[in-house]
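Chain and residue survey
Below are the chains, spelled out letter by letter.
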Amino acid sequence: MKQFKGKVSITLRENILDVQGKTIEHALHSLNYNDLTHVRIGKYVEVLISAENTEIAQARLSEACNQLIANPIIEDYKIILEEIK
Amino acid sequence: MKFGIVVFPGSNCDHDAYYSVTGNLGYSAEYLWHKDTTIPKDIDCIILPGGFSYGDYLRCGAIARFSPLMNEVIKFANNGGYIIGICNGFQILTESGLLPGTLLRNENLKFICKDVFLKVENNSTPFTNKFKSDSIIRIPIAHGEGNYYADDSTVEKLENENQIVFRYTNEKGVADKSFNPNGSINNIAGIISSNGRILGMMPHPERYCDDLLGCSDGTSVFHSIANNFIK
């Protein structure tokens, strides 16, 4: 059995107004960071997974994201998996 | 007529709900602990109360949805049981998939605690049959994440099938953006399931069930529910 670290970043879907992101964008622009746009706020979750291989670890974590970690109605998530040697 | 009021760690409107339906309105009620694995046979309607179940960790209602009693609540719902989710209870109902859509952060990013006016858009539901049609009622809201969101086709279905039960308005019943406290789509404050047995609403009717508190507009919600059982 191998050990993996799963890193999940969750953001609101593109078509959903991210009011926190907008507020931060306005603040950045007031600091003259006018070249920084499309600010999106999200969540970051780390987990350890025991699995036989990367595919199984990926499938387990995706399933957990769909069921609990993210809300598919409003959120997208990205998973990065690293094997722990 | 007996209500079952679910108590999650972090629920804080459970006692208000109990006081309102028993002390004020004279029905019976009992608390149901979130770790229980059965719902007593004599419960006619379940109240999922307001509060901050599990500290609102991850998303409001996301953890409560997986508590042992919620499995029973979902079975109760699938058997046609009556459920009212208020505030955090509404959030738990959407997380459970018992009601469509979800609740986003308030558009102004603030926790809003104030009285609002609601129009009773549908008074032929088990939760609103004691209201006159198009009644305007005053009910408090107290939430940070009450901004109802669903995709276009879901909202269209809710509109077409009269599933929007309460809408934020002014005291004359005008539902435009200036009377929308949280950015909710189409000023939605409360919706009902397609079978008409599950109501979710962000405003707190249980907080206005006693004239001593300045308003008793919330009583008709609970009298309406009881009206389905007491003939």
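Before reading further, recall that the structure is shown in the block above.
Below: a short report on this structure. (Residues numbered from 1 in each chain as written. Chains lettered and ligands numbered in written order. Predicted model: local features only at pLDDT ≥ 70, side-chain atom pairs only at ≥ 80, totals over all residues. Heavy atoms only, no water.)

1. A word on the overall build of chain A
Heads up, the condition is: Note on conventions: DSSP H or I runs of at least 4 residues are helices, E runs of at least 2 residues are strands, and numbering of each starts at the N terminus. As a reference, a globule follows 2.2 Å times the number of residues to the power 0.38, and the radius of gyration itself is taken over C-alpha atoms. Relative accessibility thresholds used throughout: buried, under 20% of the residue-type maximum; exposed, over 50%; partly exposed, between the two (1.4 Å probe, protein chains only). We call two residues in contact whenever any of their non-hydrogen atoms come within 4.5 Å of each other. All accessible areas in this document rest on Shrake-Rupley with a 1.4 Å probe, and a residue is counted as covered only by the protein chains that are shown.
From N to C terminus, chain A includes two helices and three strands. Helices and strands appear in chain A in the N-to-C order β-α-β-α-β. The C-alpha radius of gyration computed for chain A amounts to 16 Å, which surpasses the reference 12 Å derived for 85 residues by more than 25%, pointing to a less compact arrangement than a globule. Taken over the C-alpha atoms alone, chain A extends approximately 50 × 30 × 15 Å along its principal axes. Going through the 85 residues of chain A one by one, you find that 28% of them count as buried. Of the contacts formed within chain A by residues at least 6 apart in sequence, a portion of 72% connects residues at least 24 apart. For chain A, the accessible surface area stands at approximately 5700 Å², while carbon and sulfur atoms represent 53% of it.

2. Topic: the environment of Val8 of chain A
Residue and element names in this part refer to chain A. Mapped onto the secondary structure, Val8 falls in strand 1 (residues 2-12). C-alpha of Val8 to C-alpha of Ala70: the two residues are 62 residues apart in sequence and 9.4 Å apart in space. Sequence-distant contacts of Val8, that is, excluding residues within four places in its chain, are made with Lys43, Tyr44, Val45, Leu61, Cys65, Tyr77, Lys78 and Ile79.

3. Describing the sheet that holds strand 10 (residues 188-192) of chain B
Residue and element names in this part refer to chain B. For clarity, the threshold we go by: A pair of strands is considered paired only if DSSP assigns at least 2 bridges between the two. Note on geometry: axes are C-alpha line fits, over the in-contact stretch for helices, and angles between N-to-C directions span 0 to 180 degrees.
Taken together, the nine strands give an open sheet; going across it, the order is 2-1-3-4-11-10-9-6-7, and neighbouring strands pair in mixed fashion. The open sheet has two free edges, formed respectively by strand 2 (28-33) and strand 7 (136-143), since each of these has just one partner strand. Averaged over neighbouring strand pairs, the angle between their axes works out to 25° when direction is ignored. Where strand 9 (residues 164-169) lies against strand 10, three bridges are found, and the strand directions are antiparallel. Considered in strand 10, the bridge of Phe166 is made with Gly190.

4. Re the interface of chain A and chain B
To keep it simple, the criterion reads: Summed over both partners, the accessible surface that disappears when two parts come together, traced with a 1.4 Å probe, is what is meant by buried area. For this document, the term salt bridge refers to a Lys or Arg side-chain nitrogen within 4 Å of an Asp or Glu carboxyl oxygen. By the criterion applied in these results, polar contacts are pairs of N or O atoms within 3.5 Å in which, for protein atoms, one can donate a hydrogen and the other can accept it, and in which residues neighboring in sequence qualify only through two side-chain atoms.
Contact with chain A, which involves 16 residues of that partner, is made by 14 residues of chain B. Of the roughly 1200 Å² buried at the junction of chain A and chain B (both faces included), carbon and sulfur atoms supply 67%. Looking only at chain A, the three residues that lose the most surface to chain B are Val19, Leu68 and Ile73 of chain A, adding up to 36% of its buried area. Remark: the boundary between chain A and chain B carries one salt bridge. At the boundary of chain A and chain B, one finds four residue pairs in polar contact (both at pLDDT 80 or more).

5. Regarding the side chain of His143 of chain B
All names here are of chain B. Relative to the assigned elements, His143 resides in strand 7. Under the relative-accessibility criterion, His143 is labelled buried at 2%. Polar contacts involving the side chain of His143 include one to the side chain of Asn182, which spans 3.0 Å.

6. Overview of a nonpolar patch on the surface
Put simply, the test is: Residues form patches when they are more than 30% accessible in relative terms and have no salt bridge. Like charges link within 9 Å. Nonpolar side chains (Val, Leu, Ile, Met, Phe, Trp, Tyr) link within 5 Å.
Side chains of Leu31, Tyr33 and Leu36 of chain A sit close together on the surface and give an oily, nonpolar patch of about 300 Å² of accessible area. Of note, Tyr33 of chain A is situated in the loop between helix 1 (19-30) and strand 2 (42-51).

Shape descriptors only; they carry no functional weight alone.
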